[in-house]
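# Architecture at a glance
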Amino acid sequence: MLSGIMYCADCGAKLYQVRANGWTHDKEHFVCATYRKVKDGCSSHQIRNVVVEQLVAKDLRKVLAFAKEREAEFIDIVTSNSEKERAKELRQVQKEYDQVLARITAIHKIIRKLYEDKLLGSISDERFHRMASDYESEQQELMARSTKLKKVIDATKEKTLNTDRFLGLVRKYTEITELDTEIIRDFIDRIIVHNSETASGRKKQRIRIVYNCIGAVDIPKNLEKTA
C-alpha cells in the first residue's frame, strides 16, 4: 500500500519495494532505486515497511486530532507551512533556471566567437566543427532543461491549498485504528525518506509526510501537547 509514494530525500528517486517468498511482513523493506541501479549513485535509505506504517499512522492520528479539535489554528498552520515550502521550492528551481539561462547565453557567445575565429583562420575547420557541435549539443540540452524548469516554476506559483477538501476527509474518518490502502490514497501524496543516522549509539531515521491538498504539516510542540 506504500509502493509508488516513497521517495529518497537525497536523490529524489522512488524507493523500491523489496520482498521475497517466505518473508514475514516485518522483513519487507524499501531501498533507494538509484542505490540499486547505479553504483555509488546514492546510499540505500533502507527502511522497513512496518516502521513507515507506524510513523505514518502516528503522524496521521496527530494531524487529524488537531484538525478536528482546533480547526482554525490548523488552517493557519498549514497555510503558513505551505507558503514556506512553496517559497523554498521556488527559490531552488529559480536558481537552477537562472544558471541554465546564463550558461545558454555564455555558449551562444562562445559559438559566435568560434565563427569569428574560423573566419580569421585562427582555428582549423575540423576543430571548429568539433567544438561547435559539442557546444550546440550542450545548448540544446540546456534549452530543453530550461523549458522543464519554467513549467515547474509556473506550476509552483499556481499551486494552491485545498484545506476544505482535507477537512472533509478528516470528518470522514472518526478514528484510524490501522492503515489501509484507501486511507493512504485519501491522505498521503508522498513520503520522503532520509538516510539513517546513528547518534549516541542509537539509529535514527526521519521521514517527511506530504499530505494531499495541504502539503507537509508541522504542528508546533507547544500546540501539539494541548491538542
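Because the structure is predicted, anything quoted here is derived from the model rather than measured.

Assigned secondary structure in the chain consists of 7 helices and 9 strands. Taking 17 Å as the expected radius of gyration for a compact globule of 227 residues, we find that the chain reaches 24 Å, considerably beyond that expectation. Its C-alpha atoms give the chain principal-axis dimensions of roughly 80 × 45 × 35 Å. The burial tally for the chain puts 35% of its 227 residues in the buried class. Counted over contacts in the chain with a minimum sequence separation of 6, partners at least 24 positions apart contribute 60%. Carbon and sulfur atoms provide 47% of the accessible area of the chain, an area that totals close to 14,500 Å². Looking at charge distribution, the chain has the averaged site of its 42 positive side-chain charges lying 3 Å from that of its 35 negative ones.

In terms of nonpolar packing, the biggest core is built from 41 residues, with Met6, Val56, Phe74, Phe187, Ile188, Ile191 and Tyr211 touching the most fellow members. Put simply, the parts of the chain that give this core at least two residues each are strand E1 (6-8), strand E3 (29-32), helix H2 (49-69), helix H3 (71-120), helix H5 (163-172), helix H6 (181-187), strand E5 (188-193) and strand E8 (207-211). Counting residues per element, this core draws most heavily on H2, which supplies 8 residues. With near-sequence residues (within four places) excluded, Val56 lies in contact with Leu179, Ile184, Ile188, Ile191, Ile207 and Ile209. Ranked by size, the runner-up nonpolar core spans 9 residues in total, among them Tyr97, Ile107, Leu142 and Ile153.

A few words on the packing of H3 against H5. The contact between H3 and H5 brings their axes to 11 Å, and the two run at 135°. It follows that H3 is oblique to H5 by the angle criterion. Crossing of H3 over H5 shows right-handed handedness. Residue-level inspection shows Glu71, Phe74, Ile75 and Val78 of H3 in contact with H5, the latter providing Thr163, Phe166, Leu167 and Arg171. Here the residues of the contact of H3 with H5 sort into 5 nonpolar, 1 polar and 2 charged.

Another aspect to go through is the side chain of Gln17. As for its placement among the helices and strands, Gln17 is situated in strand E2 (residues 15-18). Taking the relative accessible area as the measure of exposure, Gln17 reaches 13% and is therefore buried. In this structure the side chain of Gln17 is engaged in a polar contact, spanning 3.1 Å, whose partner is the backbone oxygen of His29.

For the rest of this paragraph, the subject is the sheet that holds E3. Read across the open sheet, the 3 strands follow the order E2-E3-E4; overall the sheet is antiparallel. With one partner strand each, in any of the chains shown, E2 and strand E4 (47-48) form the two edges of the open sheet. Sheet topology places E2 next to E3; 4 bridges connect them, and they run antiparallel. Across the sheet, Val18 pairs through a bridge with His29, a residue of E3.

Calculation criteria
Residues numbered from 1 in each chain as written. Predicted model: local features only at pLDDT ≥ 70, side-chain atom pairs only at ≥ 80, totals over all residues. Heavy atoms only, no water. Helix = DSSP H or I, 4+ residues; strand = E, 2+ residues; numbered from the N terminus. Rg over C-alpha atoms; globule rule 2.2 N^0.38 Å. Buried < 20%, exposed > 50% of the residue type's maximum accessible area, 1.4 Å probe, protein only. Contact = heavy atoms within 4.5 Å. Areas by Shrake-Rupley, 256 points an atom, 1.4 Å probe, with all protein chains shown as cover. Lys, Arg positive; Asp, Glu negative; His and termini not counted. Charge placed at Lys NZ, Arg CZ, Asp CG, Glu CD. Core = buried A, V, L, I, M, F, W, Y, C linked by side-chain atoms within 4.5 Å. Axes fitted to C-alpha atoms, helices over the stretch in contact; angles between N-to-C directions. Parallel < 35°, antiparallel > 145°, perpendicular 65-115°, else oblique. Left-handed = near helix turned anticlockwise from the far one by under 90°. Nonpolar A, V, L, I, M, F, W, Y, C, P; charged D, E, K, R; others polar. Polar contact = N/O pair within 3.5 Å; in protein donor to acceptor, adjacent residues only side chain to side chain. Pairing = 2+ DSSP bridges.

Such coordinate-based values are descriptive only and should not be taken to indicate function.
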